[in-house]
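Structure at a glance
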Amino acid sequence: MSFLFGSRSSKTFKPKKNIPEGSHQYELLKHAEATLGSGNLRQAVMLPDGEDLNEWIAVNTVDFFNQINMLYGTITEFCTESSCPVMSAGPRYEYHWADGTNIKKPIKCSAPKYIDYLMTWVQDQLDDETLFPSKIGVPFPKNFMSVAKTILKRLFRVYAHIYHQHFDSVMRLQEEAHLNTSFKHFIFFVQEFSLIDRRELAPLHELIEKLGSKDR
């Protein structure tokens, strides 16, 4: 959760997305932070009693965007056009960018370019009040769950790229505990609500198994 990084003056890759104080979503975020503080991540990701599933997924999606934003922000100097000419997660997985609107046909591009496209696209979705309503009483659209799934699927790719291509830099910066806790939270959340297809998670399958086995 964002509070993991609270003591550090860390730069973010994109501007942080804030949930307005005093709103119900802000209260949900505070609830999530409090339960995360207990250390039981499996319990922390569960839908709180009486809460709306869409709203819970929206609040956590915003928070994961902010976390990944910070994590990638710490290693941007190592993720360059020359070091990462393609967006990959190890030798077997390569990603091409398309958003269905501005870029309809998938294009091969460098990792920094891909992640810039990806984070800008996510930011646009989160800022769209028709998709992510912040006002009480405004309903979520019928396609909300499919949009949220696409966002989380794409955010996973940033974790996968960091782990496969930049973990040595993460270790040098002593950020591995932040990365591991953030990713574990992310994985437990998407598993709890079946938000990402298992095939999409394949690049980090071994790590996911390892993280899960520690909690059994």
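All residue numbers refer to positions counted from 1 along the written sequence of the respective chain. Per-residue local features of the predicted model are confined to residues with pLDDT of at least 70, and side-chain atom pairs are confined, for both listing and counting, to 80 or more; whole-chain, interface and lining totals are unaffected and use all residues. In computing side-chain properties, one takes all heavy atoms of the structure into account and sets aside hydrogens as well as water.

Under an unreviewed UniProt entry, the name given to the protein chain is MOB kinase activator 1A, and the organism recorded is Zosterops lateralis melanops.

Bringing the overall build of the protein chain into the picture now. Secondary structure elements are defined from DSSP: runs of H or I of at least 4 residues count as helices, runs of E of at least 2 residues count as strands, and each element is numbered from the N terminus. Summing up its helical and strand segments, the protein chain has 7 helices and 2 strands in all. Counting helices and strands in the order they occur from the N terminus, the protein chain gives α-α-α-β-β-α-α-α-α. Remark: exposure states derive from per-residue accessible area (1.4 Å probe, protein chains only) relative to the maximum for the residue type, with buried under 20%, exposed over 50%, and partly exposed in between. A total of 216 residues make up the protein chain; the buried ones form 49% of that total. Should any heavy atoms of two residues lie within 4.5 Å, those residues are considered in contact. Of the contacts made within the protein chain by residues no fewer than 6 positions apart, 75% connect residues no fewer than 24 positions apart. Each accessible area value is a Shrake-Rupley result obtained with a 1.4 Å probe; residue values ignore everything except the protein chains displayed when judging cover. By element, 50% of the accessible surface of the protein chain is carried by carbon and sulfur atoms, the whole surface being about 10800 Å².

A separate point is the pattern of salt bridges. Each salt bridge in this description consists of a side-chain nitrogen of Lys or Arg and a carboxyl oxygen of Asp or Glu lying within 4 Å of one another. Applying the stated criterion across every chain, the model contains 4 salt bridges. In this structure, Lys 108 engages Glu 94 in a salt bridge whose closest nitrogen and oxygen atoms are separated by 3.7 Å. Within this pair, whereas Lys 108 is found in the loop between β2 (94-95) and α4 (111-127), its partner Glu 94 is found in strand β2, the two being separated by 14 residues in sequence. Across the pair Asp 197 and Arg 199 runs a salt bridge whose closest N-O atoms are separated by 3.0 Å. We classify Asp 197 as partly exposed; its relative accessible area is 38%.

Before going further, it helps to spend a moment on unusual backbone geometry. What you tend to see is this: most non-glycine residues have negative phi, and most peptide bonds are trans. At Gln 174, a residue that is not glycine, the phi angle is positive and equals roughly 55°. Counting through the fold element by element, Gln 174 comes out in the loop between α5 (144-172) and α6 (176-192).

It is worth spelling out the state of the cysteines at this point. Working definition: a disulfide is two cysteine sulfur atoms within 2.5 Å of each other. Inspection of every chain in the model, using the stated rule, returns 0 disulfides. Left without a disulfide partner, Cys 79 is nearest to the cysteine sulfur of Cys 84, which lies 4.0 Å away.

A few words on the packing of aromatic side chains. Centre-to-centre distance and the angle between the planes together describe a pair of aromatic rings. Pairing of aromatic rings covers Phe, Tyr and the six-membered ring of Trp, with a centre-to-centre limit of 6.5 Å; geometry is then stacked below 30 degrees between planes, edge-to-face above 60, and tilted otherwise. A full pass over the atoms with the stated rule returns 15 aromatic pairs. An aromatic cluster is defined as three or more aromatic residues linked by ring pairs; in this entry it consists of Phe 64, Phe 156, Tyr 159, Tyr 163, Phe 167, Phe 183, Phe 186, Phe 189 and Phe 193. A ring has a charge above it when a Lys NZ or an Arg CZ is no more than 6 Å from the ring centre and no more than 35 degrees off the ring normal. For Lys 113, the ring lying beneath its charged end belongs to Tyr 117, and the centroid distance is 5.0 Å. In this structure, Arg 154 packs its charged tip against the face of Trp 121, placed 4.4 Å from the ring centre.

Here the nonpolar core consists of buried residues drawn from Ala, Val, Leu, Ile, Met, Phe, Trp, Tyr and Cys, with membership extended through side-chain atoms lying within 4.5 Å. Leu 155, Phe 156, Phe 183, Phe 186 and Ile 187 are the most contacted members of the largest nonpolar core, which has 63 residues in total. Looking at this core, the elements that each hand over two or more residues are α1 (24-37), α3 (53-75), α4, α5, α6 and α7 (205-213). Per-element accounting of this core gives the leading share, 13 residues, to α5. With sequence-adjacent residues up to four places away left out, Phe 183 is seen in contact with Phe 156, Tyr 159, Tyr 163, Leu 204, Leu 207, Ile 208 and Leu 211.

Moving on: α7. For α7, every residue scored as buried is listed here: Ile 208, Leu 211 and Gly 212. Looking straight down α7, one finds its buried side chains confined to an arc of 95°; they lie on one side. Facing away from the buried side of α7, by more than 90 degrees, are the exposed residues Glu 206 and Lys 210. Looking at the packing, one finds that the buried side of α7 touches α2 (41-44), α5 and α6. The arc under discussion is defined with respect to the helix axis, by the directions toward the C-beta atoms.

This brings us to α3. Taking 1.5 Å of rise per residue, the 23 residues of α3 would be expected to cover 33 Å, and the 33 Å separating its terminal C-alpha atoms lies within 8% of that figure. Among the 23 residues in α3, 21 count as buried, and that is most of the element. Two or three places before Asn 54, at the opening of α3, Asp 52 has a side-chain oxygen 3.3 Å from that residue's backbone nitrogen. What a helix is expected to span follows from its residue count: subtract one and scale by 1.5 Å. Whenever a nitrogen or oxygen atom comes within 3.5 Å of another N or O atom, the pair is scored as a polar contact, on the condition that within protein one atom can donate a hydrogen and the other can accept it, and that pairs from neighbouring residues in sequence are kept only if both atoms are in side chains.

Contact pair α3 / α5: the axes reach a minimum separation of 10 Å and the direction vectors enclose 25°. Considering the angle they form, α3 stands roughly parallel to α5. As for the relative orientation of α3 and α5, their crossing is left-handed in sense. Between α3 and α5, the residues in contact are Leu 53, Asn 54, Ile 57, Ala 58, Thr 61, Phe 64, Phe 65, Gln 67, Ile 68, Leu 71, Tyr 72 and Ile 75 and Phe 144, Met 145, Ala 148, Ile 151, Leu 152, Leu 155, Val 158, Tyr 159, Ile 162, His 166, Ser 169 and Val 170, respectively. Of the residues contributing to the contact of α3 with α5, the split by class is 19 nonpolar, 5 polar and no charged. Throughout, an axis means a line fitted to C-alpha atoms (over the contacting stretch in the case of helices), and angles, computed between N-to-C directions, take values from 0 to 180 degrees. For this classification, under 35 degrees means roughly parallel, over 145 means roughly antiparallel, 65 to 115 means roughly perpendicular, and everything else is oblique. The hand of a helix crossing depends on one turn: near helix anticlockwise from the far one by less than a right angle means left-handed, and clockwise means right-handed. Three classes are used, and their members are as follows: Ala, Val, Leu, Ile, Met, Phe, Trp, Tyr, Cys and Pro are nonpolar, Asp, Glu, Lys and Arg are charged, and the others, Gly among them, are polar.

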